[in-house]
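Inside the fold
Chain by chain, the residues:
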Amino acid sequence: MTYQEVRENARKKLAPACRVCRECNGVACRGEIPGAGGKGTGRSFIRNCSCLADIRIAMNTLYENKGQDPSVELFGRTFRYPIFAAPIGAINTNYPDALNDESYSRALINGTIAAGCAAFTGDGVKDCYFTDPLIPLKEAGGIGVPTIKPWELDNVLQRVRWAEEAGAMALAMDIDAAGLIILINAGKPVYPKGLAEMKAIIGSTKLPFVIKGVMTLEGARLALDAGAYGIVVSNHGGRVLEDAAAPYEILPQIRQLVGDRMKIFVDGGIRTGADVFKAIALGADAVLVGRPYVTAAYGGEAEGVRLYTEKLGSELRDAMLMSGCATLRDITPAKIYR
């Protein structure tokens, strides 16, 4: 199977929910929620992609080549690439029923592991949207990051226990889901979280805890004070606030604020290995990728996910080769033009 065949298969299986556009940039699907689009006019989703497109890589081939090592150490493990699948839960709310939460997560988990990476799994209004992905996660030795919606505290703590029982290597909460229209319409309340509640949640487990959806310096400082292992600088793929800034506009300032005291992930519009390179140069330790993994899983299940992950990794190596970077530490702001 080739990646082009994966895309062709996905185009058939995902219709009409996703067109599998040549460039996944939010233009064709703007406002399509449920579906793959961004909220309202889709400006936030589109801005994520355009911000990355406006960044250029500083090409340099006058250096002593020592090879390229794009590996990264996170959660006490070494991953081949700084690339993780983003959490998408309640899969059939937005996409056709060729896959469900368990089979989608199995493709995601097994495919990313085969490529030397890992996946974040999702959550939703039904408990099974969180627990079904834990089945393939446990089968895979816990290599994955279950991601909890910002429910009321007792519900969150129950999910923490379920994830621990499955042997998860880490946990996350997509705090930005507090504005997710699908949950609001379903009558399942989600809430912003203050410092005291986040401390209680993070303190309830020994697992590394990542807070997804941090988009301000104030939020990054609160996550640090709460004891988070890391944050994801993310506007939820442009699905919760039509006029949100792009993550790449605040990422450098957040890195400057937290330094090396906390891991920083970023997501939103990352489609190629060059995009991964740009995100690292702006201050990220690693990236999350969402919608393209839906295409990969629907088009080729675990094999499609592996192919897409390795495509990103190969493109990242190419960008490192053409810019004089031997390791991720060499990918600094000096390697890009903004």
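In case you missed it, the structure is sitting above this.
The present account deals with the structure reproduced in this document. (Residues numbered from 1 in each chain as written. Predicted model: local features only at pLDDT ≥ 70, side-chain atom pairs only at ≥ 80, totals over all residues. Heavy atoms only, no water.)

Things to note about the overall build of the chain
- Within the chain, the regular secondary structure consists of 13 helices and twelve strands.
- Its C-alpha atoms give the chain a radius of gyration of 18 Å, near enough to 20 Å, the size a compact globule of 338 residues would have.
- With the principal axes as the frame, the chain shows a C-alpha extent of 60 × 45 × 40 Å.
- Every one of the 338 residues in the chain was classed for burial, and the buried ones make up 56%. (Helix = DSSP H or I, 4+ residues; strand = E, 2+ residues; numbered from the N terminus. Rg over C-alpha atoms; globule rule 2.2 N^0.38 Å. Buried < 20%, exposed > 50% of the residue type's maximum accessible area, 1.4 Å probe, protein only.)

Focus on the nonpolar core
- Among the nonpolar cores identified, the biggest contains 111 residues, and Phe 75, Phe 84, Ile 211, Ile 231 and Tyr 293 are the most heavily contacted of them.
- A total of twelve residues in this core trace back to one element, the largest contributor, which is helix H13 (residues 291–321).
- Those residues within four positions of Phe 84 in sequence are excluded, and the remaining contacts are Leu 74, Phe 75, Phe 79, Ala 118, Phe 120, Phe 265, Ala 286, Val 287, Leu 288, Val 289 and Tyr 293. (Core = buried A, V, L, I, M, F, W, Y, C linked by side-chain atoms within 4.5 Å. Contact = heavy atoms within 4.5 Å.)

Topic: the packing of aromatic side chains
- Applying the stated criterion across every chain yields a total of ten aromatic pairs.
- Centroid distance Phe 75 to Phe 84: 6.3 Å. Interplanar angle 90 degrees. Geometry classified as edge-to-face. Across this residue pair, the class does not change: Phe 75 and Phe 84 are buried.
- On the basis of an interplanar angle of 90 degrees and a centroid distance of 6.0 Å, the ring pair of Phe 84 and Phe 120 is categorised as edge-to-face. Placement of Phe 84 in strand E4 (residues 83–85) and of Phe 120 in strand E5 (residues 118–121) is noted, with a sequence separation of 36 residues between them. Just as Phe 84 is buried, Phe 120 falls in that class too.
- Aromatic rings pair up to connect Phe 75, Phe 79, Phe 84, Phe 120, Tyr 229 and Phe 265 into one cluster. (Phe/Tyr/Trp six-rings, centres within 6.5 Å; stacked < 30°, edge-to-face > 60°.)

Some remarks on the pairing of strand E8 (residues 209–212)
- Covered by surrounding structure in E8 are Phe 209 and Ile 211 together with Val 210 and Lys 212, the residues of both alternating faces.
- As paired elements, strand E7 (residues 171–174) and E8 share four bridges and run parallel to each other. Among the inter-strand pairings, Met 173 is bridged to a residue of E8, identified as Ile 211.
- In terms of strand pairing, E8 meets strand E9 (residues 230–233) through three bridges, oriented parallel. Opposite Ile 211, over in E9, you have Ile 231 as the bridge partner.
- A crossover connection joins E8 to the parallel E9 through helix H10 (residues 217–226); in handedness this β-α-β unit is right-handed. (Pairing = 2+ DSSP bridges. Right-handed = clockwise from strand over helix to strand, strands pointing away.)

Thoughts on the packing of helix H1 (residues 3–14) against H13
- Relative orientation of the contacting elements H1 and H13 amounts to 155 degrees, with a least axis distance of 8 Å. If you check the angle between H1 and H13, you find them roughly antiparallel. Regarding H1 and H13, the two cross each other, and that crossing is left-handed. For the pair formed by H1 and H13, the contact residues are Tyr 3, Val 6, Arg 7, Asn 9, Ala 10, Lys 13 and Leu 14 on the first element and Val 294, Thr 295, Ala 296, Tyr 298, Gly 299, Gly 300, Gly 304, Leu 307, Tyr 308 and Lys 311 on the second.
- Residues that form the contact of H1 with H13 fall into these classes: nine nonpolar, five polar and three charged. (Axes fitted to C-alpha atoms, helices over the stretch in contact; angles between N-to-C directions. Parallel < 35°, antiparallel > 145°, perpendicular 65-115°, else oblique. Left-handed = near helix turned anticlockwise from the far one by under 90°. Nonpolar A, V, L, I, M, F, W, Y, C, P; charged D, E, K, R; others polar.)

Details of the pattern of salt bridges
- Applying the stated criterion across every chain, the model contains 18 salt bridges.
- The residue Glu 197 makes a salt bridge to Lys 193 at a minimum N-O spacing of 2.9 Å.
- Lys 193 sits in the buried class, given a relative accessible area of 11%.
- Notably, a salt bridge pairs Glu 310 with Arg 306, separated by 2.6 Å at the nearest N-O pair. Residue Glu 310 and its partner Arg 306 are located together in helix H13, separated by four residues, close to a single helical turn.
- Through salt bridges with shared partners, a single ionic network connects Arg 43, Glu 242 and Asp 243. (Salt bridge = Lys/Arg side-chain N within 4 Å of Asp/Glu carboxyl O.)

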